[in-house]
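Structural overview for review
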Amino acid sequence: EFRQRRGAVGVGPARLGPNTIDVFFTDDAGHGYVPAQVTGELYYPAKDLGPITVPLTQTTRGQYRAQLAAFTFTGQWSLVITVRSDAFDETTVSFPFAVH
């Protein structure tokens, strides 16, 4: 069940133009966790923009990356990650971040 897992997100360099988004999942023991499915969407509420699909590719066990995610506005964005652990368990979490 996903509630027993941990997740973290990194956006860099969090500036206008191309950026990299990294999403990490670990189990309670700190090992990489691979969900059945991971999807991501970007939202920019100030302009009512989104959802913008973020293609996440698994780079290693428990790590997913989107390269060249382009931000065209400075301000507060949200990355919404949906994780499906199995056919019945799905969790959605929003990660706010600022683009400078």
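Throughout what follows, the structure given in this document is the object of discussion. (Residues numbered from 1 in each chain as written. Predicted model: local features only at pLDDT ≥ 70, side-chain atom pairs only at ≥ 80, totals over all residues. Heavy atoms only, no water.)

**Let's talk about the overall build of the chain**
For the record, the criterion: In DSSP terms, a helix is any run of H or I states spanning at least four residues, a strand is any run of E spanning at least two, and both are numbered starting from the N terminus. Our radius of gyration looks at C-alpha atoms and nothing else; its globule reference is 2.2 Å times the residue count to the power 0.38. Relative accessible area decides the class of each residue, using a 1.4 Å probe on protein chains only: under 20% of the type maximum gives buried, over 50% gives exposed, and in between gives partly exposed. Residues are treated as being in contact if the distance between any of their heavy atoms lies within 4.5 Å. The protein chains shown are the only cover counted for residues, whose accessible areas, like all others here, come from Shrake-Rupley with a 1.4 Å probe.
Counting its secondary structure elements, the chain contains 0 helices and 8 strands. Secondary structure elements of the chain occur, N-terminal to C-terminal, as β-β-β-β-β-β-β-β. In summary, the chain has a C-alpha radius of gyration of 14 Å against a globular reference of 13 Å for 100 residues, a match within 12%. Its C-alpha atoms put the chain at 35 × 25 × 20 Å along the principal axes. Residue burial in the chain is summarised as follows: out of 100 residues, 34% are buried. Put simply, 55% of the contacts in the chain that link residues at least 6 apart link residues at least 24 apart. Counting only carbon and sulfur atoms, one obtains 52% of the accessible surface of the chain, whose full area is about 5900 Å².

**A word on the nonpolar core**
Put simply, the rule is: In these notes, a set of buried Ala, Val, Leu, Ile, Met, Phe, Trp, Tyr and Cys residues joined through side-chain atoms within 4.5 Å is what counts as a nonpolar core.
By size, the foremost hydrophobic cluster in this structure holds 19 residues, and its most contacted members are Ile-21, Phe-25, Leu-42, Leu-56 and Ile-81. Elements with a minimum of two residues in this core: β2 (17-26), β3 (37-44), β6 (63-71), β7 (75-84) and β8 (90-99). If we ignore the near neighbours within four places in the chain, the residues touching Ile-21 are Val-9, Gly-10, Val-11, Leu-42, Val-54, Tyr-64, Arg-65, Ala-66, Ala-69, Phe-71 and Leu-79.

**Quick look at the packing of aromatic side chains**
Rule in force here: The rule is short: rings of Phe, Tyr and Trp, with Trp giving its six-membered ring, pair when the centres are within 6.5 Å, and they are stacked under 30 degrees, edge-to-face over 60, tilted in between.
Counting across every chain of the model gives 5 aromatic pairs. Arranged with centres 5.8 Å apart and planes meeting at 75°, the rings of Phe-25 and Tyr-64 form a pair that is edge-to-face. One end of the pair, Phe-25, is in strand β2; the other, Tyr-64, is in strand β6, and 39 residues separate them in sequence. Of the residues examined, Phe-25 reaches a relative accessible area of 3% and is grouped as buried. Ring plane angle 65° and centroid distance 5.5 Å describe the contact between Phe-71 and Phe-97, whose orientation is recorded as edge-to-face. With a gap of 26 residues between them, Phe-71 in strand β6 and Phe-97 in strand β8 connect regions that are remote in the sequence. Judged by relative accessible area, Phe-71 falls into the buried class, the value being 1%.

**Observations regarding the pairing of strand β5 (residues 57-60)**
Put simply, the rule reads: Two strands qualify as a pair provided that DSSP identifies no fewer than 2 bridges between them.
Note that β5 and β6 share 3 bridges and pair antiparallel. The partner of Gln-58 across the bridge, within β6, is Tyr-64. In this structure, the hairpin formed by β5 and β6 is closed by a connection of 2 residues, where Gly-62 is found at a positive phi of approximately 85°.

**Overview of the sheet that holds β3**
To keep it simple, the criterion reads: The axes used here are C-alpha line fits, helices contributing only the stretch in contact, and every angle between their N-to-C directions lies in the interval 0 to 180 degrees.
Pairing in this open sheet of 4 strands is antiparallel, and the strands run β4-β3-β7-β8 from one edge to the other. Unpaired on one side and paired on the other, β4 (49-54) and β8 mark the two borders of the sheet. Strand after strand, the sheet turns through a mean of 25° between neighbouring axes, direction not considered. The pairing of β3 with β4 spans 4 bridges and is antiparallel. Across the sheet, Glu-41 pairs through a bridge with Thr-53, a residue of β4.

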